[in-house]
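Overview (structure and organization)
Residues per chain, in single letters:
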Amino acid sequence: MENRFLFRGKRIDNGEWIVGSLIVDKHQHIETGEQIEIIGIYPSEYKDFSKRIDPSTICQCTGLKDKNGKLIFENDILSGHIDVEFPEDETRKRVVWHENGWCTNEPGCDDYEELDDFDSENFEVIGNKIDNPGLLE
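Here the structure is a predicted model, which is why all the values come from computation and not from measurement. (Residues numbered from 1 in each chain as written. Predicted model: local features only at pLDDT ≥ 70, side-chain atom pairs only at ≥ 80, totals over all residues. Heavy atoms only, no water.)

Moving on to the pattern of salt bridges. In total, this model carries six salt bridges according to the counting rule given. Asp76 is the partner of Arg8 in a salt bridge, and the nearest nitrogen-oxygen pair spans 2.5 Å. You can see Arg8 sitting in strand 1 (residues 7–10) and its partner Asp76 sitting in strand 7 (residues 76–80), a full 68 residues away along the chain. Each member of the pair Arg8 and Asp76 is classed as buried. Lys93 is paired through a salt bridge with Asp119; the nearest N and O atoms lie 3.0 Å apart. Taken together, the positions of Lys93 in strand 8 (residues 91–98) and Asp119 in helix 1 (residues 117–122) put the pair 26 residues apart, joining distant regions of the chain. (Salt bridge = Lys/Arg side-chain N within 4 Å of Asp/Glu carboxyl O. Helix = DSSP H or I, 4+ residues; strand = E, 2+ residues; numbered from the N terminus. Buried < 20%, exposed > 50% of the residue type's maximum accessible area, 1.4 Å probe, protein only.)

Taken together, the five strands give an open sheet; going across it, the order is 10-9-8-7-11, and neighbouring strands pair in antiparallel fashion. Two strands close off the open sheet at either side, each with one partner strand: strand 10 (113–114) and strand 11 (124–128). Relative to strand 10, strand 9 (residues 101–105) is paired through two bridges, and the arrangement is antiparallel. Across the sheet, residue Cys103 finds its bridge partner in strand 10, namely Glu114. (Pairing = 2+ DSSP bridges.)

Even without glycine at this site, Asn75 takes up a positive phi of about 75°. The topology assignment puts Asn75 in the loop between strand 6 (71–73) and strand 7. Positive phi, normally seen in glycine, also occurs at Glu99, with a value near 55°. Judged by relative accessible area, which is 64%, Glu99 ranks as exposed.

Across the five residues of strand 9, five count as buried, placing the element largely inside the fold. In the sheet, strand 8 pairs with strand 9 via five bridges, with the strands oriented antiparallel. Looking at the pairing, Arg94 lines up with Asn105 of strand 9. Hairpin geometry of strand 8 and strand 9 is characterised by an intervening segment of two residues between the two adjacent antiparallel strands and by a positive phi of about 55° at Glu99.

Our focus in this paragraph is the environment of Asn100. Structurally, Asn100 can be placed in the loop between strand 8 and strand 9. A relative accessible area of 75% means that Asn100 is categorised as exposed. Taking the C-alpha atoms as reference points, Asn100 and Glu114, 14 residues apart in sequence, are found 9.6 Å from one another.

Here we come to the packing of aromatic side chains. Using the criterion set out here, one finds two aromatic pairs in the structure. On the numbers, 5.1 Å between centres and 85° between planes, the contact of Trp97 with Trp102 is edge-to-face. Classification of Trp97 as partly exposed rests on a relative accessible area of 48%. A relative accessible area of 15% means that Trp102 is categorised as buried. Where Phe118 meets Phe123, the ring centres are 6.4 Å apart and the plane angle is 65°; that geometry is what we call edge-to-face. (Phe/Tyr/Trp six-rings, centres within 6.5 Å; stacked < 30°, edge-to-face > 60°.)

Rendered as structure tokens:
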């Protein structure tokens with residue numbers, strides 16, 4: 001499977017992250033008539049079952065990898081030291097979908113920058129907004 005078609009989400013039963021194909025099953029409950037939506041991930045490493053996930057944790061893969069070769073997903077937090085004269089200065093960005101593509105957004109900034117090869121080569125994933133919201137402070 002191409003990386004850009006991967007999704008991840010946290011399992012409802014144990015809170016662990018799972019990566020694979022997104023499954024959305026909408027149907028009507030036979031007895032109550034209530035509309036039910038079941039969201040799961042069919043993991044690429046397993047072939048015989050799907051796992052239900054918390055919909056608020058769904059993140060799509062951007063198809064890009066960070067400088068260490070780790071896949072970059074929506075809501076990931078990237079860290080980089082891009083000024084060689086000031087290596088102690090760290091830049092942190094969150095990966096988001098904005099208008100027509102994957103972008104990064106720095107904390108406290110209203111501007112969005114396109115996620116590109118520069119980010120892939122100079123930044124690394126240090127966490128994500130769901131598990132580590134404090135990394136953006």
